[in-house]
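Commentary on secondary and tertiary structure
For reference, the chains in residue letters:
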Amino acid sequence: MVKGIKVHQVGGPEVLKWEDIEVKEPGEGEVKVKHTAVGVNYIDVNYRNGAYSTSTPFIPGFEAAGVVTAVGPGLTGLKVGDRVAYAGSLGSYTEEKIISADKLVPLPSSVDDVMAASIMLKGMTAQMLLRRVFKVKKGHKIFVHAAAGGVGSLLVQWAKALGATVIAAVSNEEKAAQAKEDGADHVIIYSQQNFVDRVKEITEGAGVDVVYDAVGKDTLLGSLECLGLRGYLVNYGQASGPPDPLPISALQPKSLFLTRPSLFHYVRIREELLEAAGELFAAVATGIIKIRTNHIYRLSEAAKAHADLEGRKTMGSCVLIPDSYHSP
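Residues numbered from 1 in each chain as written. Predicted model: local features only at pLDDT ≥ 70, side-chain atom pairs only at ≥ 80, totals over all residues. Heavy atoms only, no water.

The subject of this paragraph is the packing of helix α2 (residues 113–133) against helix α3 (residues 150–161). Here α2 crosses α3 at 50°, and the two axes come no closer than 9 Å. Overall, the two elements α2 and α3 adopt an arrangement that is oblique. Helix-helix and strand crossings are classified by hand; for α2 and α3 the assignment is right-handed. Counting all contacts with α2, which are made through K122, G123, T125, A126, Q127, L129 and L130, the residues of α3 involved are G150, V151, L154, L155, W158 and A159. Each residue belonging to the contact of α2 with α3 can be placed in one class, and the counts come to 8 nonpolar, 4 polar and 1 charged. (Axes fitted to C-alpha atoms, helices over the stretch in contact; angles between N-to-C directions. Helix = DSSP H or I, 4+ residues; strand = E, 2+ residues; numbered from the N terminus. Parallel < 35°, antiparallel > 145°, perpendicular 65-115°, else oblique. Left-handed = near helix turned anticlockwise from the far one by under 90°. Contact = heavy atoms within 4.5 Å. Nonpolar A, V, L, I, M, F, W, Y, C, P; charged D, E, K, R; others polar.)

This is how it looks when you write it as structure tokens:
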């Protein structure tokens, strides 16, 4: 038995229960991973509160780094002691986990465990958004909502390195300072400015090429207004709740594109997973993106991490450290 977090019924942070978890031995094609760091993402909140459905009870979390402690019969390519990370397999809020070997990515020496748990899901999401969903190039104008968050911060930095003009929207002055440090050309504070009017002013009425919107309900219609002709609205989250239904005719006046991508569909096969992780690790190694792990909690404190995340008290990434883990 190991310790971990279980959800028996959906609800607020208080439903995250610290319990004993049974972990069996790995079967064919599987390995056992002892977690050293576990990432916290808004998708975890959405599963916990029931916005996204799964059967209960369940162990939340989709992202972690750790060390292989056992391998299934006949498995090659991984061995005990290998440092690995993953994103996209439900059940990371636990000290140990059985996982399919093809979901794991070997960690280079340039990426430590906390960094890996901070960026696997968020970083590969940023790679998907900037390099595959809409391929950002020099000269593009982009607008990033929630720009001081875990994904938002990476989008700002990476897009700036690609040569884009970046407009960033945040909730307060402290987050505005971080967005500027990340390279944003223009920063909008929601409570002080109407973001639609400000984007139109910055672009002299032309609008932006793409909007990356992780807020959802409160911003989606405004995001559409911010786009120029043939612009892309990429909604990849719903921090304020699911957006209201949108008639397809709303896209016609400017021949707009609307997409709601999921990372898991873009790393469905192993070659795609390794390519995305490889490009992410290269961006870290070359300094294109800087990882901000500003909030570290014990795994048993997952409820506090969720409360802080939902309360907009966080900037950058949040990581849980298993209570039993002691760094070498």
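The strand order across the open sheet built from 6 strands is β10-β9-β8-β11-β12-β13, with neighbouring strands paired in parallel fashion. On the outer flanks of this sheet lie β10 (186–189) and β13 (257–259), each paired with one strand and no other. The average undirected angle you get between the axes of adjacent strands in this sheet is 15°. Alignment of strand β8 (residues 141–144) against strand β9 (residues 165–170), held across 4 bridges, turns out to be parallel. Paired with I142 across the strands is V166, a residue of β9. Lying on the sheet, α2 is in contact with β11 (208–213), β12 (227–235) and β13; it crosses β12 at an angle near 150°. (Pairing = 2+ DSSP bridges.)

Moving on to α3. Its 12 residues place the ends of α3 17 Å apart at the C-alpha level, agreeing with the 16 Å of an ideal helix rising 1.5 Å per residue. Summarising burial for α3: 10 of the 12 residues are buried, a large majority. When we look at burial in α3, the residues that qualify are G150, V151, G152, S153, L154, L155, V156, Q157, W158 and A159. One or two residues past the end of α3 sits G163, with phi positive at roughly 100°. (Expected span 1.5 Å × (residues − 1). Buried < 20%, exposed > 50% of the residue type's maximum accessible area, 1.4 Å probe, protein only.)

This next bit is on the pairing of strand β5 (residues 83–87). The buried count for β5 comes to 4 of 5 residues, which makes it a mostly enclosed element. For strand β4 (residues 63–71) and β5, the ladder comprises 5 bridges, and the chain directions are antiparallel. Looking across to β5, one finds that V67 is bridged to R83. Bridging between β5 and strand β7 (residues 105–106) involves 2 bridges; their strand directions are antiparallel. When the sheet's bridge partners are listed, A85 is paired in β7 with V105.

As far as function goes, none of this settles anything; it's purely spatial.
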